[in-house]
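Remarks on the overall topology
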Amino acid sequence: MNNYSIVLLPGDGIGPEVVAEAVATLDAVAAPRDFAFRYTEQPVGGAALDTHNDPLPDAVLEHCLAANAVLLGAVGGAKWDHLTGAQRPESGLLKLRKALGAFANLRPVMVPDALATASPLRAEAVRGTDLLVVRELTGGIYFGEPRGRAPEGDGEKAFNTMVYHTTEIERVARIAFDWADKRRRRITSVDKANVLVVSQLWRETVQKLHDQDFPAIELEHMYVDNAAMQLVLNPRQFDVIVTGNLFGDILSDAAATLGGSLGLLPSASIGGPVGLFEPVHGSAPDIAGQGKANPIAAILSVAMMLDFLEQPAAAQAVRRAVDAALDAGARTADLCRDGHRRVSTKEMGEEIRRNLPTP
Ligand code: IPM
Ligand code: MG
């Protein structure tokens, strides 16, 4: 029997609430099958700052590096907003991604029929959207050096550096092409090559990899401003989107609204031996602790974890159960409209677990 070791990093805000539902779902899907999970819960972000004065204590990182996978809730909140640099909760997350070598962040966006009408866009424009954002996660302007602040003249300047090496572009593009190959074989590489030198290298490198290794996949290059517009005008045109760290951060939030709520979007950060799984939504401190958070993003993140752990049938069961719960009209506050049954975070989790198909 496979026994997977999972580090839980619930973090801040709504993180703990949604992680609790995701864990209960993992256990429920494993129970009738021949595998199980062993969990270690560790602090990260603001929670770790409070107890260890460090958003990612070394000992926590050691646990993560020794696990099969890591499930993170969310980091950050007003309480720690005055902190700067390595003391910010977010820097714990960035350090974790880097230390795990998780250079590719996969963010699937789907708009199931049951949610098309929840979108702020017209239902007929978003219905059937099924795209995958592959975001480079351990490079680009998030990590580039030099960075800093310095006095200049009678003021001050601040600077970050957007930098990519061909190796970093190639390895994330290869993952994106591999996914495109398993999907509808279309890929859109997003950059700002009309302005940024780093984007020119990005574009050339992606094109070269395509011509050499993936000529059968349809490749299109798109500027990031246009991509933002196309995502809301006609999201169905996209299959796989591959892009750098900053553009991917922005575009994935935009794409998340297609289904009506950021609370739906899961992610997997892969590339190293240990996978990191996290809902795309943040810590949402305004609704924390009230049972209002949508646990679906966290639950779909563990579906991605199950795929990573090579348990595809269990992953599929979780996805089916989420669809069934939505089809049955259960909605957390973020998605609740007339005619729906409004449920709490925990009730949504229970509804999903009740709908798990028996193997
Ligand atoms: C995300 C978040 C993070 C990011 C923050 C919390 C550092 O916005 O995962 O999209 O910018 O990567
Ligand atoms: Mg983001």
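Quick note: structure is the one above.
Everything in this summary refers to the structure shown in the same document. (Residues numbered from 1 in each chain as written. Chains lettered and ligands numbered in written order. Predicted model: local features only at pLDDT ≥ 70, side-chain atom pairs only at ≥ 80, totals over all residues. Heavy atoms only, no water.)

Two side chains bearing opposite charge may form a pair once their charged atoms approach each other closely. A full pass over the atoms with the stated rule returns 25 salt bridges. For R127, the salt bridge is made with D113, and the minimal N-O distance between the two is 3.5 Å. Of this pair, R127 sits in the loop between α6 (123-126) and β5 (130-136) while D113 sits in helix α5 (residues 113-116), and the two are 14 residues apart along the sequence. For R127, a relative accessible area of 36% translates into the label partly exposed. Relative accessible area serves as the criterion here: at 56%, D113 is assigned to the exposed category. The salt bridge partner of R184 is D130, with a shortest N-O separation of 3.8 Å. (Salt bridge = Lys/Arg side-chain N within 4 Å of Asp/Glu carboxyl O. Helix = DSSP H or I, 4+ residues; strand = E, 2+ residues; numbered from the N terminus. Buried < 20%, exposed > 50% of the residue type's maximum accessible area, 1.4 Å probe, protein only.)

One way to put it is that helix α12 (residues 312-327) packs onto helix α13 (residues 345-354) with a least axis distance of 8 Å and a crossing angle of 115°. Considering how the two elements wind past one another, α12 and α13 form a crossing that is right-handed. Packed against α12, whose contacting residues are A321, V322, A325 and L326, the element α13 presents M348, E351 and I352 at the interface. Residue classes in the contact of α12 with α13 are distributed as six nonpolar, no polar and one charged. (Axes fitted to C-alpha atoms, helices over the stretch in contact; angles between N-to-C directions. Left-handed = near helix turned anticlockwise from the far one by under 90°. Contact = heavy atoms within 4.5 Å. Nonpolar A, V, L, I, M, F, W, Y, C, P; charged D, E, K, R; others polar.)

Our focus in this paragraph is the environment of V195. Mapped onto the elements of the fold, V195 is located in the loop between β8 (186-191) and α8 (197-213). By relative accessible area, V195 is classed as exposed at 54%. Each C-alpha atom, one on V195 and one on Y223, is 9.8 Å from the other, the two residues being 28 residues apart in sequence.

Turning our eyes to something else, we now look at unusual backbone geometry. In this chain, E145 is followed by P146 through a cis amide linkage whose omega measures 0°. In this structure, P146 sits in the loop between β5 and β6 (148-152). One non-glycine residue, R185, adopts positive backbone phi at about 60°. Residue placement: R185 occurs in the loop between α7 (166-182) and β8. The phi angle at A284 is positive, at roughly 40°, despite the residue not being glycine.

Volume-wise, the largest pocket comes out at about 750 Å³. Lining the largest pocket are 33 residues, with P108, M110, P266, M304 and R319 positioned closest to its centre. Those elements giving two or more residues to the lining of the largest pocket turn out to be β4 (104-110), β5, β11 (268-270), α11 (296-308) and α12. By residue number, the principal contributor to the lining of the largest pocket is α12, which donates six residues. A per-class count over the lining of the largest pocket returns 22 nonpolar, five polar and six charged. (1 Å grid on protein atoms, 1.4 Å probe; cavity = no way out; pocket = protein on both sides within 12 Å on 5 of 7 lines; lining within 4 Å. Points joined across faces, edges and corners; volume = space filled by probe spheres on them.)

Orientation of helix α1 (residues 15-30) relative to α11, taken along the N-to-C sense of each, is 45°, at an axis distance of 8 Å. On the basis of the axis angle, α1 is oblique to α11. As for the relative orientation of α1 and α11, their crossing is right-handed in sense. Across the interface between the two elements, V18, E21, A22, T25, L26 and V29 from α1 touch A298, I299, V302, M305 and L306 from α11. Grouping the amino acids of the contact of α1 with α11 by side-chain chemistry returns nine nonpolar, one polar and one charged. (Parallel < 35°, antiparallel > 145°, perpendicular 65-115°, else oblique.)

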